[in-house]
Amino acid sequence: MTCIAAVAQDGVVTMGGDSGSSHGDTIRVVLDEKVFINEAFLIGFCSSFRVGQLLRYSFFPEKQHPQQDVWDYMNTTFT
């Protein structure tokens with residue numbers, strides 16, 4: 001189970017996550033960070049460490065167009 005929490009206050013976002021990996025009854029500490037910055041994005045992930053690695057090292061989102069609202073961007077261009 002993963003725990004990631006974020007707080008936004010006065011224009012500042014703080015995010016943190018645990019460093020555990022579990023499989024059944026086994027829990028171990030891993031070196032992969034579950035929270036990181038990629039370009040202008042603060043990203044937290046859970047489940048697949050491989051997907052987290054791809055998001056961190058291979059995902060380069062297109063820039064948001066100045067006239068595009070955030071909801072539209074996150075559901076179209078960002079993907």
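How each quantity is defined
Residue indices follow the written sequence of each chain, beginning from 1 at its first position. Given that the model is predicted, a residue must reach a pLDDT of at least 70 before its local features are reported, and side-chain atom pairs must reach 80 or more before they are shown or counted; all residues, however, enter totals for whole chains, interfaces and linings. Side-chain measures were taken over the full set of non-hydrogen atoms in the model, leaving aside hydrogen atoms and water. Starting at the N terminus, helices and strands are each numbered in turn, a helix being any DSSP run of H or I of at least four residues and a strand any DSSP run of E of at least two. In this treatment the radius of gyration is a C-alpha quantity, and the globule benchmark scales as 2.2 Å times the residue count to the 0.38 power. Relative accessibility thresholds used throughout: buried, under 20% of the residue-type maximum; exposed, over 50%; partly exposed, between the two (1.4 Å probe, protein chains only). Working definition: rings of Phe, Tyr and Trp (its six-membered ring) pair if their centres are within 6.5 Å, and the pair is stacked with planes under 30 degrees apart, edge-to-face with planes over 60 apart, and tilted otherwise. Here, a salt bridge means any side-chain nitrogen of Lys or Arg that lies within 4 Å of a carboxyl oxygen of Asp or Glu. When checking whether two residues touch, look at their non-hydrogen atoms; a contact exists if any pair is within 4.5 Å. The pLDDT score gives, residue by residue, the confidence of the prediction method on a 0 to 100 scale.

Colleague: I would appreciate a short explanation of the overall build of the chain in the present structure.
Modeller: The helix and strand tally for the chain stands at two helices and six strands. Each helix and strand of the chain, ordered N terminal to C terminal, gives the series β-β-β-β-β-β-α-α. Computed over C-alpha atoms, the radius of gyration of the chain comes to 15 Å, more than 25% over the 12 Å expected from 2.2 N^0.38 for 79 residues, which places it beyond the range of a compact globule. Dimensions along the principal axes, computed over C-alpha positions, put the chain at roughly 50 × 30 × 15 Å. Here the chain, with 79 residues, has 20% of them falling under the buried criterion.

Colleague: Looking at this structure, how should I read the packing of aromatic side chains?
Modeller: Tallied over the entire structure, the rule returns six aromatic pairs. Residues F36 and F45 carry aromatic rings whose centres are separated by 6.3 Å and whose planes lie at 55° to one another, so their mutual orientation is tilted. As far as the burial class goes, F36 and F45 line up, both buried. Pairing F59 with F78 gives two aromatic rings, centres 5.2 Å apart and planes at 80°, and the pair type is edge-to-face. Separated by 19 residues along the polypeptide, F59 in the loop between helix 1 (49-57) and helix 2 (70-75) and F78 in the segment after helix 2 bring together distant segments of the chain. F78 matches F59 in its accessibility class, with the two residues each being buried. Cluster of aromatic residues (ring-pair linked, three or more members): F41, F59, Y73 and F78.

Colleague: Even after reading the chapter, I still don't get the pattern of salt bridges, so can you show me in this structure?
Modeller: Pairing of side chains with opposite charge becomes possible as their charged atoms draw close. A complete count under the given rule lists three salt bridges for this structure. Taking the shortest distance from any N to any O, the salt bridge between K63 and E39 comes out at 3.1 Å. Of this pair, K63 sits in the loop between helix 1 and helix 2 while E39 sits in the loop between strand 5 (35-38) and strand 6 (41-44), and the two are 24 residues apart along the sequence.

Colleague: Just checking my understanding: could you explain the environment of I37 for this structure?
Modeller: By secondary structure assignment, the location of I37 is in strand 5. Note: C-alpha distance between I37 and L55 (18 residues apart in sequence) is 9.9 Å.

Colleague: What is the right way to look at the environment of G17 in this model?
Modeller: By secondary structure assignment, the location of G17 is in strand 2 (residues 12-17). Counting along the chain gives 18 residues from G17 to V35, while the straight-line C-alpha distance between them is 6.1 Å. When sequence neighbours within four positions are dropped, the list of residues in contact with G17 reads C3, I4 and V35.

Colleague: Got a minute to help me understand the confidence of the model for the chain in this structure?
Modeller: Fine structural detail should not be taken from predicted coordinates in areas where pLDDT scores are low. Residue-level pLDDT values for the chain average 93, and 100% of them are 70 or greater. Mean pLDDT in the chain bottoms out at strand 3 (residues 20-23), which sits at 90, and peaks at strand 1 (residues 4-9), which reaches 97.

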